[in-house]
Amino acid sequence: MGVSRRAVLRAAAALGGLGALGTRDPAAQELRDAPCGEHALPPGNDQPSLAALAARQNRFFGAAVKDPLFTDASFRDLVIKQCNILVCTYSMKWRSLEPEPGRFDFRLADRYVDFAEEHGMAFRGHTLVWQKATPPWLDDELSAKGFAVVERHIRAIAGHYAGRLRSWDVVNEAVWPEDGRADRLRSNVFLEALGPSYIEAAFAVAREADPTALLYYNANPAPYTGGQNREHFEGVIALLERLLGRGVPVQGVGLQSHLAAAHAEKFDEATLVWFYERASALGLEIMITELDVSDKGLPTDVALRDRLVARTYRRFLDVTLAFPAVKGVLSWGLSDRFTGHNRWARPDRWAVRALPYDHCMQPKLARREIAEAFLAHDLDR
Ligand code: G3I
């Protein structure tokens, strides 16, 4: 008796090979995963859309997108249905946009902004100044020409998109208490070449280049006890207070929020609340900019991982969405088919299930908990 098509698809899907269902990131193609639908919510469980639930609270819900947006129809359709704001995982970073000094290539990034405009979505620019994803020539150029290199980049990029983006992450991940500085700034290539003033200078140039975009600092402290996480949150607030005190045009703070279900016991709700209260008191917008929940450190059991990931989403968003200054939530990817987490695989060689939709674009428990969190905080309820 031949092997049924369903059995073949189940086997293929379980091995991560999705065939007609679309191909995963290369990193995930060797990993195992549950067959399509095995842990998905029943059909019809992804309406109203997350964008609609957010919009009725005058908020955004969206996701970080990458190039399969233009080649995978099931992913594209899901993004269009569920998102009212987008951000690029990579295509608006320095290395992608300025491959050589003073030579800019906007072709790919333009496709993303065009797509968002075509579908009535807002767009976050990510990111103008970050010590990663920089071109190999940057260090030498900075040493030779100083801030002029940063200014040229910001004027070209923010100028090119002026009037089209809702916001820019002008500076990303510049606070790092672990580097031991009194100001808790990260000792990165910009600080070493230009001193701490590179941050305010970057915001000033971005304001001139695009008078309409909201200018954000994008922060990556983890809301867990231990390490220097609390000092990181404090360092971000201290930086924002210094900038605002000098009249620097900062309108928002992004909180990346890369969470881990295995750290649930260390969730530091008090510090998160403290941060939201302080940022709100500074008159800043708050955006959850890169939300995802790793299931690394959890057992292989897919149903258990999905439950614990969903619970982590809900607990974090229940705290977060209580603050009116929180203007929206973007997950760092929308479907497990295209999460970056599999670049560092789970030891059991099972694919990570960190996002609201599974590798077959079907809603998971996480998606239900995100929706429930928005519903629970419907400001006009
Ligand atoms: O697409 C190019 C390909 O054309 C080229 O041949 C290849 C050569 O290395 O690189 C490919 O680009 C990769 C890119 O992701 C495409 O997805 C880069 O190598 C790789 O470094 C890049 O990684 C991104 C990383 O930031 C560094 O930019 C991840 O996708 C992205 O998820 C990650 O996102 C960061 C946020 O920006 C900041 N917060 C943390 C977050 C997760 O690390």
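Draft legend 1. Inspection of the overall build of the chain at higher detail. Across its full length, the chain carries 13 helices and 9 strands. For 381 residues, the compact-globule estimate of 2.2 N^0.38 gives 21 Å, and the chain sits close to it at 21 Å. Burial status across the chain gives 57% buried among its 381 residues. By sequence separation, contacts in the chain at least 24 residues apart represent 77% of the contacts at least 6 residues apart. Treating the 47 positive side-chain charges of the chain as one cloud and the 49 negative ones as another, the clouds have centres 4 Å apart.

Draft legend 2. Examining the site of the ligand more closely. Residues in close proximity to the ligand total 13 residues, the closest being Lys 93, His 126, Glu 173, Glu 290 and Trp 332. His 126 places a side-chain nitrogen or oxygen 2.7 Å from an oxygen atom of the ligand. Within the side chain of Arg 343, a nitrogen or oxygen atom sits 3.1 Å from an oxygen atom of the ligand. Summarising the interface, the protein chains cover 51% of the accessible area of the ligand, which totals 780 Å² for the free molecule. Grouping the constituent residues of the shell around the ligand by class yields 4 nonpolar, 5 polar and 4 charged.

Draft legend 3. Layout of the packing of aromatic side chains. A complete count under the given rule lists 13 aromatic pairs for this structure. Plain terms: the ring middles of Phe 70 and Tyr 112 are 4.8 Å apart, the flat faces sit at 65° to each other, and that makes the pair edge-to-face. Highlighted residues: Phe 70 in the loop between strand S1 (60-65) and helix H3 (73-82) and Tyr 112 in helix H5 (residues 107-118), separated in sequence by 42 residues. Consider the rings of Tyr 276 and Phe 323, whose centres lie 5.2 Å apart with planes at 50°: the pair is tilted. Highlighted residues: Tyr 276 in helix H11 (residues 269-281) and Phe 323 in the loop between helix H12 (302-320) and strand S9 (326-331), separated in sequence by 47 residues. As far as burial versus exposure is concerned, Tyr 276 and Phe 323 are alike and both buried. These aromatic residues form a ring-pair network of at least three members: Trp 94, Trp 137, Phe 190 and Tyr 198. Against the face of Phe 70 rests Arg 111, its NZ or CZ located 4.0 Å from the ring centre. When the ring centre of Trp 274 is taken as reference, the NZ or CZ atom of Arg 230 above it lies at 4.5 Å.

Draft legend 4. Up close: unusual backbone geometry. Residue Pro 48 is bonded to the preceding Gln 47 through a cis peptide linkage, with omega at -5°. Following the sequence through the fold, Pro 48 ends up in the loop between helix H1 (5-14) and helix H2 (50-55). In this structure, Thr 127 follows His 126 across a cis peptide bond, with omega equal to -5°. Checked against the element boundaries, Thr 127 lands in strand S3 (residues 122-129). The backbone of Glu 173 shows a phi angle near 55°, a positive value even though the residue is not glycine. Counting through the fold element by element, Glu 173 comes out in the loop between strand S4 (167-172) and helix H8 (189-194). On the basis of relative accessibility, which here comes to 8%, the residue Glu 173 falls in the buried class. Positive phi, normally seen in glycine, also occurs at Arg 184, with a value near 60°. The topology assignment puts Arg 184 in the loop between S4 and H8. Note on Arg 184: relative accessible area 26%, which makes it partly exposed.

Draft legend 5. Region of interest: the environment of Ala 73. Note that Ala 73 resides in helix H3. Ala 73 sits in the partly exposed class, given a relative accessible area of 39%. Separated by 187 residues in sequence, Ala 73 and Ala 260 place their C-alpha atoms 30 Å apart.

Draft legend 6. Spatial organisation of the environment of Glu 98. Along the chain, the position of Glu 98 falls in the loop between helix H4 (94-97) and H5. Taking C-alpha positions, Glu 98 is 34 Å from Ala 325, a pair spaced 227 residues apart along the chain. In this structure Glu 98 touches Arg 103, Phe 104, Pro 135, Trp 137, Arg 152 and His 153, once residues within four positions along its chain are discounted. A distance of 2.8 Å separates the side chain of Glu 98 from the backbone nitrogen of Gly 102, its partner in a polar contact.

Draft legend 7. Representation of the pattern of salt bridges in the model. This model, assessed by the stated rule, comprises 27 salt bridges. For the salt bridge of Glu 234 with Arg 184, the shortest nitrogen-to-oxygen distance reads 3.2 Å. Taken together, the positions of Glu 234 in helix H10 (residues 229-245) and Arg 184 in the loop between S4 and H8 put the pair 50 residues apart, joining distant regions of the chain. The class of Glu 234 is partly exposed, set by a relative accessible area of 25%. Taken together, the shared-partner salt bridges connect Glu 98, Glu 141, Lys 145 and Arg 152 into one network.

Draft legend 8. Spatial organisation of the environment of Ser 197. Relative to the helices and strands, Ser 197 is located in the loop between H8 and helix H9 (198-209). For the pair formed by Ser 197 and Met 287, sequence separation is 90 residues and the distance between their alpha carbons is 24 Å.

Thresholds, definitions, all that
- Residues numbered from 1 in each chain as written.
- Predicted model: local features only at pLDDT ≥ 70, side-chain atom pairs only at ≥ 80, totals over all residues.
- Heavy atoms only, no water.
- Helix = DSSP H or I, 4+ residues; strand = E, 2+ residues; numbered from the N terminus.
- Rg over C-alpha atoms; globule rule 2.2 N^0.38 Å.
- Buried < 20%, exposed > 50% of the residue type's maximum accessible area, 1.4 Å probe, protein only.
- Contact = heavy atoms within 4.5 Å.
- Lys, Arg positive; Asp, Glu negative; His and termini not counted.
- Charge placed at Lys NZ, Arg CZ, Asp CG, Glu CD.
- Near = heavy atom within 4 Å.
- Polar contact = N/O pair within 3.5 Å; in protein donor to acceptor, adjacent residues only side chain to side chain.
- Areas by Shrake-Rupley, 256 points an atom, 1.4 Å probe, with all protein chains shown as cover.
- Nonpolar A, V, L, I, M, F, W, Y, C, P; charged D, E, K, R; others polar.
- Phe/Tyr/Trp six-rings, centres within 6.5 Å; stacked < 30°, edge-to-face > 60°.
- Lys NZ or Arg CZ within 6 Å of the ring centre and 35° of its normal.
- Salt bridge = Lys/Arg side-chain N within 4 Å of Asp/Glu carboxyl O.

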